[in-house]
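Given next are the chains, with one letter for each unit.
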Amino acid sequence: MFRLRSFFILVFAVTVSSCQQKTAEVQTYTSGTEVLLVDESLAPIIEDQTYVFESTYPDAKLNLVLKSENELINAFMDDTAQVAILSRELTDSERKHFESRKIKIRVNRFAVDGIALITHNSVKDTTATVEDIIRVLKGESSRLGNLVFDNANSSTVRYFKELAGVKELPAKGVYALKTNPEVIKYVYDNPGTIGVVGVNWIVQPPVELEEQVGSLKILGVKNVQGKPGSDAYYRPFQNDIALGVYPLLRSLYIINCEGGPGLGTGFASFIAGERGQRIVLKSGLLPDSIPPREVNIIK
């Protein structure tokens, strides 16, 4: 009797374990669970996309993990997740990491972002030049004063280092906090400082930051001589982004290394589709493909 009871317990345990494994393995383009590594500076637009996607497909669950760019890449290389959302494509060495394991990399550009320079409304000066920015980043004298970034390891800092051609930030004139909300709060509390954030944080701020954002303004930026946008001061609004005259632009990508069909692929298709691109348009960023606009003429 004891052996028979043990046999049934073993069969039950194996059956339950098998069912759990099958449940965990079930994933389609519109159902299942997926972890997304997201550049923290892009959080507002991805949170909007996730909300609409999950509302449309109730069986889908996207778990967003927000990190600075360096932390995100390290986690991606360690297989913490199979899908990442970045403001750059993978480098050759990063691609080889996946290709050596026969994993197909799918890359979709879904938007163009403008990096905004923000300051308090009480500040009279409303403009900056790329030359001014470069001087600050090289530790030279500049009329801009202090620049405040989100994180020393962020994609925004990496972008500005490349812009200025420097490997390290200077000891004076440049400060790095931890997140974009911290930058907004710091600029609000310290008139005269200039914060650096993605424009989506200003166009569609979180509810808890609406009061602070309402007291901030975006600086116009003029490019270096000979480059688009060197004839006037432009702001990171959709028209100037579309014309390519705002100097501080970056493309946004969803990078999928699932290696096969899954929820990450479904989400990437959603963002690239008409509905996802309309969400991008509403966010203040420029969609990769402009959604068509239908006009009904009533006689």
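Higher on the page you've got the structure.
In this text, all values refer to a predicted model and were calculated from it rather than measured experimentally.

Rules used in this analysis
Residues numbered from 1 in each chain as written. Predicted model: local features only at pLDDT ≥ 70, side-chain atom pairs only at ≥ 80, totals over all residues. Heavy atoms only, no water. Helix = DSSP H or I, 4+ residues; strand = E, 2+ residues; numbered from the N terminus. Buried < 20%, exposed > 50% of the residue type's maximum accessible area, 1.4 Å probe, protein only. Contact = heavy atoms within 4.5 Å. Areas by Shrake-Rupley, 256 points an atom, 1.4 Å probe, with all protein chains shown as cover. Phe/Tyr/Trp six-rings, centres within 6.5 Å; stacked < 30°, edge-to-face > 60°. Core = buried A, V, L, I, M, F, W, Y, C linked by side-chain atoms within 4.5 Å. Axes fitted to C-alpha atoms, helices over the stretch in contact; angles between N-to-C directions. Parallel < 35°, antiparallel > 145°, perpendicular 65-115°, else oblique. Left-handed = near helix turned anticlockwise from the far one by under 90°. Nonpolar A, V, L, I, M, F, W, Y, C, P; charged D, E, K, R; others polar. 1 Å grid on protein atoms, 1.4 Å probe; cavity = no way out; pocket = protein on both sides within 12 Å on 5 of 7 lines; lining within 4 Å. Points joined across faces, edges and corners; volume = space filled by probe spheres on them.

## Remarks on the overall build of the protein
Link 1 in the chain: Helices and strands together make up the secondary structure of the protein, namely 12 helices and 12 strands.
Link 2 in the chain: Residues classed as buried in the protein amount to 48% of the 299 residues present.
Link 3 in the chain: Within the protein, counting contacts between residues at least 6 apart in sequence, those at least 24 apart form 72% of the total.
Link 4 in the chain: If you sum the accessible surface of the protein, you get close to 15700 Å²; carbon and sulfur atoms cover 52% of it.

## Regarding the environment of Tyr51
Link 1 in the chain: As for its placement among the helices and strands, Tyr51 is situated in helix α2 (residues 43-56).
Link 2 in the chain: Between the C-alpha atoms of Tyr51 and Leu62, which are 11 residues apart in sequence, the distance is 9.2 Å.

## Quick look at helix α5 (residues 130-137)
Think of an α-helix as turning once every 3.6 residues; residues three or four places apart then point the same way.
Link 1 in the chain: Among the 8 residues of α5, 6 are classified as buried, and the element is accordingly described as predominantly covered.
Link 2 in the chain: Regarding α5, the residues found buried are Val130, Asp132, Ile133, Ile134, Val136 and Leu137.
Link 3 in the chain: Looking at the packing, one finds that the buried side of α5 touches β4 (106-120), β5 (127-129), β6 (147-149), α6 (155-164), β7 (174-176) and β10 (220-222).
Link 4 in the chain: Directly after α5, the chain includes Gly139, whose backbone phi takes a positive value near 80°.

## Remarks on the packing of aromatic side chains
Link 1 in the chain: Scanning all chains against the criterion turns up 6 aromatic pairs.
Link 2 in the chain: Ring centres 5.3 Å apart and planes at 70° place the aromatic pair Phe53 and Phe270 in the edge-to-face group. Here Phe270 lies in helix α11 (residues 263-272) and Phe53 lies in helix α2, a separation of 217 residues in the sequence. For the pair formed by Phe53 and Phe270, the shared burial category is buried.

## Focus: the environment of Asp39
Link 1 in the chain: As for its position among the elements, Asp39 is in strand β1 (residues 32-39).
Link 2 in the chain: For Asp39 and Glu71, which are 32 residues apart along the polypeptide, the C-alpha to C-alpha distance reads 9.1 Å.
Link 3 in the chain: With sequence-adjacent residues up to four places away left out, Asp39 is seen in contact with Lys67, Glu69, Leu72, Ile85, Ser87 and Ser155.

## Considerations on the nonpolar core
Nonpolar side chains in soluble globular proteins generally cluster together in the buried interior.
Link 1 in the chain: Counting 38 residues, the largest nonpolar core has Ile85, Phe110, Ile118, Ile184, Ile254 and Phe267 as its most contacted members.
Link 2 in the chain: Not counting residues within four places of it along the chain, the set of residues in contact with Ile118 comprises Ile184, Val187, Thr193, Ile194, Gly195, Val197, Ile202, Leu216, Lys217 and Ile218.

## A look at the packing of helix α3 (residues 69-77) against helix α4 (residues 92-99)
Axes are the key here: two packed helices are described by the angle between their axes and the distance separating the axes.
Link 1 in the chain: Running from N to C, α3 and α4 point in directions that differ by 25°, and their axes come no closer than 11 Å. One element, α3, and the other, α4, form an angle in the roughly parallel class. The two elements α3 and α4 cross, and the hand of that crossing is left-handed. On the side of α3, the interface is formed by Ile73, Phe76 and Met77, while α4 contributes Glu94, His97 and Phe98.
Link 2 in the chain: For the contact of α3 with α4, the per-class residue count stands at 4 nonpolar, 1 polar and 1 charged.

## Overview of the environment of Lys161
Link 1 in the chain: As for its position among the elements, Lys161 is in helix α6.
Link 2 in the chain: Separated by 27 residues in the primary sequence, Lys161 and Ile134 have C-alpha atoms spaced 8.8 Å apart.
Link 3 in the chain: Residues contacting Lys161, with those up to four places away along its chain left out, are Val166, Lys167, Glu168 and Leu169.

## Quick notes on empty space enclosed by the protein
Link 1 in the chain: Per the stated rule, a full pass over the model turns up 1 cavity of 30 Å³ or more.
Link 2 in the chain: Lining the largest cavity, in full, are Ser41, Leu42, Ile45, Asp113, Gly198, Asn200, Leu252 and Leu285.
Link 3 in the chain: For the lining of the largest cavity, the per-class residue count stands at 4 nonpolar, 3 polar and 1 charged.

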